[in-house]
Amino acid sequence: MDKIKKKVNRYFRSKFRADFSAGLTVAMVVIPQSMAYAAIAGVNPIYGLFTAIIPTILGALFGSFPYLITGPTNPTALVTASVLIAYANRTDYLEFVLALAVLAGFFKLIFGILKLGTITRYISNSVLVGFLSAAGILIIAGQAGNLVGITLTKSAGLWGILSSLIENLSEINAFSSIIGLGSITILLLLRQLNRKIPASLIAIAVGSILVFITGWGENGVRLVTDYGLPEELGLRFHIPDISLNEFVNLGISGMAVALFGLMEAVSIAKSMSQMTGDRLNPSKEMIGQGLASFIGGFFYCMPSSGSPSRTVINVVNGAKTRFSAIMSGLSVLFFLLLFSRLIGLIPLPALAAIVIVSSAGLINFDLISLTWQSSLQSRIVMVITFISTLVLPLEYAIYLGVISTILIYLGQSSQVQINYILEDENGQFIEKSLDRIEDQNPRIAILNVEGDLYFAAVEGLQEQVERILETEIKVLIMRFRRTHLLASTGVVALNQIIRTAKKKNVEILFCGVHDEIQETLESGGVISRIGPTHTFIANDIIFDSTQRALQKAKEILRNSDES
């Protein structure tokens, strides 16, 4: 008990003030953001505030990275609206949003419990850049109507929104435009002046006061009250009211939202962990994110995720522990209790301005340029994800981006690199191109095999080795020092190489064999086929097994010449 008291006292003396300050700063940012993101998801802005309370606290308590701020995010709100677009015109649309939050949280929990944190490895930077860039464009286009006071169709995707905007230009409300464009100006100017100023809160306050004083609400400027505020504004338990069949039908959508949420949360946590030095456990983070979304769905919360922008703000403002995130959630709760009746006076054009300015940040031209210049494969994945995000339902765009990454990775990893190693007059080993074997036509050749031997890679290996067997070679040494995976298809290919070599009276030797490769060679009957004396196990000394294999090859050659 005394130890706990000492820890608590030490925390309040050395860390509480920093966490309190960081949490309060994050709260000032998330209050307007959360309401704006709820508007993107198609629900009352009040539910965005709910999502900035419970998921934020739960994500902090059960997640891996202590500084990650969980809650409503820009892209997750867009994905939510996209996957539920078929239900957008239903009066019970909110119930589907809540059910989606529960489902997405459930899938995240399963991923975490099964320790599938490695799944995030297959969500490449190229997928993220392509998706977020296109998402930024979609969000900006989707909020253009709220910015200028016209209603746009959302069911036809980006092109439908743009054509609807052009058709309804004559319906633009001048007062809404003043509020919207003025809010954008305030946001940009204050950001230029000092990024620590709560620009979003100030923009909302200025817009609300202006509408209240001028009475523009009577002249077509839509307010949050136009959504219809819930009868009870406090947090309360609620089971999503949809049928079991409808709940099951949301399964694929829930999986897509879960995957994207994890992609968003883990990517920002990884980058921030490099700055703070804290270790990240992706599987544990999945559990924290899963609990946040799952439980949040039963308290009128939208699907949640780790917020990149608010996490950066939390770290930059000196957060010391995960209590900073808890402080943020509690601050939003106090705001909701004290100022809930004023929320209805907020003009939608001001919220749209916040969304548009923050969404523009998703289009990171530096990252786009870096990805474009890195490799052809990265360009292909980024372009595929970008285009599919603009033209396809977002859940399919996410899957397509991940699948294209895996396919390109398989294509890259299937290219087994084989080089020719020869010994010079000083007894040193030199690595050369495989073509040099055909030029020099040696009697002993060492092939360095680099890459994993699985179904997609063995065909190239077999073709290249059998081409070498057509030369005047008498002893072929295959070095597996840089090979760490030998699948059953690889075993079959090696057995076929050995059969071909025997027909041509060529001896095969293996060297640089690791323990895991040795076990597979033994179980697959490869070692018994070439003989135990023809296999040389790798040790800590580089090229030791290669030297022993070369001595054995020279001995075989001498015996052959003598006979």
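Below or above, wherever it landed, is the structure these notes cover. (Residues numbered from 1 in each chain as written. Predicted model: local features only at pLDDT ≥ 70, side-chain atom pairs only at ≥ 80, totals over all residues. Heavy atoms only, no water.)

Below, the discussion takes up helix H18 (residues 376-391). The first and last C-alpha atoms of H18 sit 23 Å apart over 16 residues, in line with the 22 Å expected at 1.5 Å per residue. Here H18 has its buried residues at Ser 378, Val 381, Met 382, Thr 385, Ser 388, Thr 389 and Leu 390. (Helix = DSSP H or I, 4+ residues; strand = E, 2+ residues; numbered from the N terminus. Expected span 1.5 Å × (residues − 1). Buried < 20%, exposed > 50% of the residue type's maximum accessible area, 1.4 Å probe, protein only.)

As a further point, take the sheet that holds strand S4 (residues 429-432). On the basis of which strands lie adjacent, the open sheet formed by six strands has the order S4-S3-S5-S6-S7-S8 and mixed pairing. Of all strands in the sheet, those with a lone pairing partner are S4 and strand S8 (535-537), marking the two edges. Strand-to-strand twist across the sheet, computed as the mean angle between neighbouring axes with direction ignored, equals 25°. Summarising the sheet, strand S5 (residues 444-450) and strand S6 (residues 475-482) pair through six bridges and their orientation is parallel. Bridged to Ile 446 within S6 is Ile 477. Lying on the sheet, helix H22 (residues 488-503) is in contact with S6 and strand S7 (507-513); it crosses S7 at an angle near 145°. Against the sheet, helix H25 (residues 544-562) makes contact with strand S3 (417-423), S4, S5, S6, S7 and S8, and its axis sits at roughly 165° relative to S7, the strand it touches most. (Pairing = 2+ DSSP bridges. Axes fitted to C-alpha atoms, helices over the stretch in contact; angles between N-to-C directions. Contact = heavy atoms within 4.5 Å.)

In this section: the pattern of salt bridges. Using the criterion set out here, one finds seven salt bridges in the structure. The partner of Arg 482 in a salt bridge is Glu 431, and the shortest N-O contact between them spans 3.6 Å. A residue pair is termed long-range when its members are at least 10 positions apart, and Arg 482 in strand S6 and Glu 431 in strand S4 qualify at 51 residues. Using a relative accessible area of 38% as the deciding quantity, one classes Glu 431 as partly exposed. The salt bridge partner of Glu 470 is Lys 504, with a shortest N-O separation of 3.3 Å. One end of the pair, Glu 470, is in the loop between helix H21 (458-468) and S6; the other, Lys 504, is in the loop between H22 and S7, and 34 residues separate them in sequence. Several salt bridges share partner residues, and in doing so they unite Arg 90, Asp 92 and Glu 246 into one network. (Salt bridge = Lys/Arg side-chain N within 4 Å of Asp/Glu carboxyl O.)

Running from N to C, helix H2 (residues 16-41) and helix H5 (residues 74-83) point in directions that differ by 20°, and their axes come no closer than 7 Å. If you check the angle between H2 and H5, you find them roughly parallel. For the pair H2 and H5, the crossing hand works out as right-handed. Along the contact surface, H2 presents Tyr 37, Ile 40 and Ala 41, while H5 presents Asn 74, Ala 77, Leu 78, Thr 80 and Ala 81. (Parallel < 35°, antiparallel > 145°, perpendicular 65-115°, else oblique. Left-handed = near helix turned anticlockwise from the far one by under 90°.)

A few words now on the pairing of S5. Of all seven residues that make up S5, six are buried, and the element is covered over most of its length. As paired strands, S3 and S5 are joined by five bridges and run antiparallel to one another. Counted as the bridge partner of Ile 421 is Ile 446 from S5.

Turning to the nonpolar core, a few remarks are in order. Core analysis: the biggest nonpolar cluster contains 96 residues, and Val 43, Leu 49, Leu 84 and Ile 343 have the highest contact counts within it. In this structure Leu 84 touches Tyr 93, Phe 96, Val 97, Leu 100 and Leu 250, once residues within four positions along its chain are discounted. Counting residues in hydrophobic clusters, the runner-up holds 37 residues, among them Val 416, Leu 422, Tyr 454 and Ile 527. (Core = buried A, V, L, I, M, F, W, Y, C linked by side-chain atoms within 4.5 Å.)

Unusually for a residue other than glycine, Tyr 300 sits at a positive phi of about 60°. Structurally, Tyr 300 can be placed in the loop between helix H13 (282-296) and strand S2 (305-306). Within the chain, Phe 543 stands out as a residue other than glycine whose phi angle is a positive 70°. With respect to the helices, strands and loops of the structure, Phe 543 is situated in the loop between S8 and H25.

Below, the discussion takes up the environment of His 534. Position of His 534 relative to the elements: it lies in the loop between helix H24 (526-530) and S8. The exposure class of His 534 is buried, given its relative accessible area of 10%. His 534 sits 26 residues away from Ile 508 along the chain, and the two C-alpha atoms are 7.2 Å apart. Once residues lying within four places of it in the same chain are set aside, the contact partners of His 534 are Glu 507, Ile 508, Leu 509, Phe 510, Lys 552 and Ile 556. Only 3.1 Å separates the side chain of His 534 from the side chain of Glu 507, close enough to count as a polar contact. (Polar contact = N/O pair within 3.5 Å; in protein donor to acceptor, adjacent residues only side chain to side chain.)

The next subject is the packing of aromatic side chains. A complete count under the given rule lists 15 aromatic pairs for this structure. With centroids separated by 5.5 Å and ring planes inclined at 80°, the aromatic side chains of Phe 65 and Tyr 67 adopt a geometry described as edge-to-face. The two residues Phe 65 and Tyr 67 agree in class, both being buried. Among the aromatic residues, ring-to-ring pairing joins Phe 237, Phe 294, Phe 298 and Phe 299 into one connected group. The ring of Trp 372 has Arg 379 lying over it, and the distance from NZ or CZ to the ring centre is 5.3 Å. Sitting above the plane of the Phe 543 ring, Arg 479 keeps its charged end 4.3 Å from the centroid. (Phe/Tyr/Trp six-rings, centres within 6.5 Å; stacked < 30°, edge-to-face > 60°. Lys NZ or Arg CZ within 6 Å of the ring centre and 35° of its normal.)

We now examine a nonpolar patch on the surface. Judged by side-chain polarity, Trp 159, Leu 162, Trp 372, Leu 376, Ile 380, Val 383, Ile 384, Ile 387, Val 391, Leu 392, Tyr 396 and Leu 400 come together as a nonpolar surface patch covering roughly 1100 Å² of accessible area. Going through the elements one at a time, helix H8 (157-167), H18 and helix H19 (394-413) are the ones with two or more residues in the nonpolar patch. When residues in the nonpolar patch are grouped by element, the largest group, six residues, is from H18. Under the relative-accessibility criterion, Ile 380 is labelled partly exposed at 37%. (Patch = residues over 30% accessible without salt bridge, like charges linked within 9 Å, V, L, I, M, F, W, Y side chains within 5 Å. Areas by Shrake-Rupley, 256 points an atom, 1.4 Å probe, with all protein chains shown as cover.)

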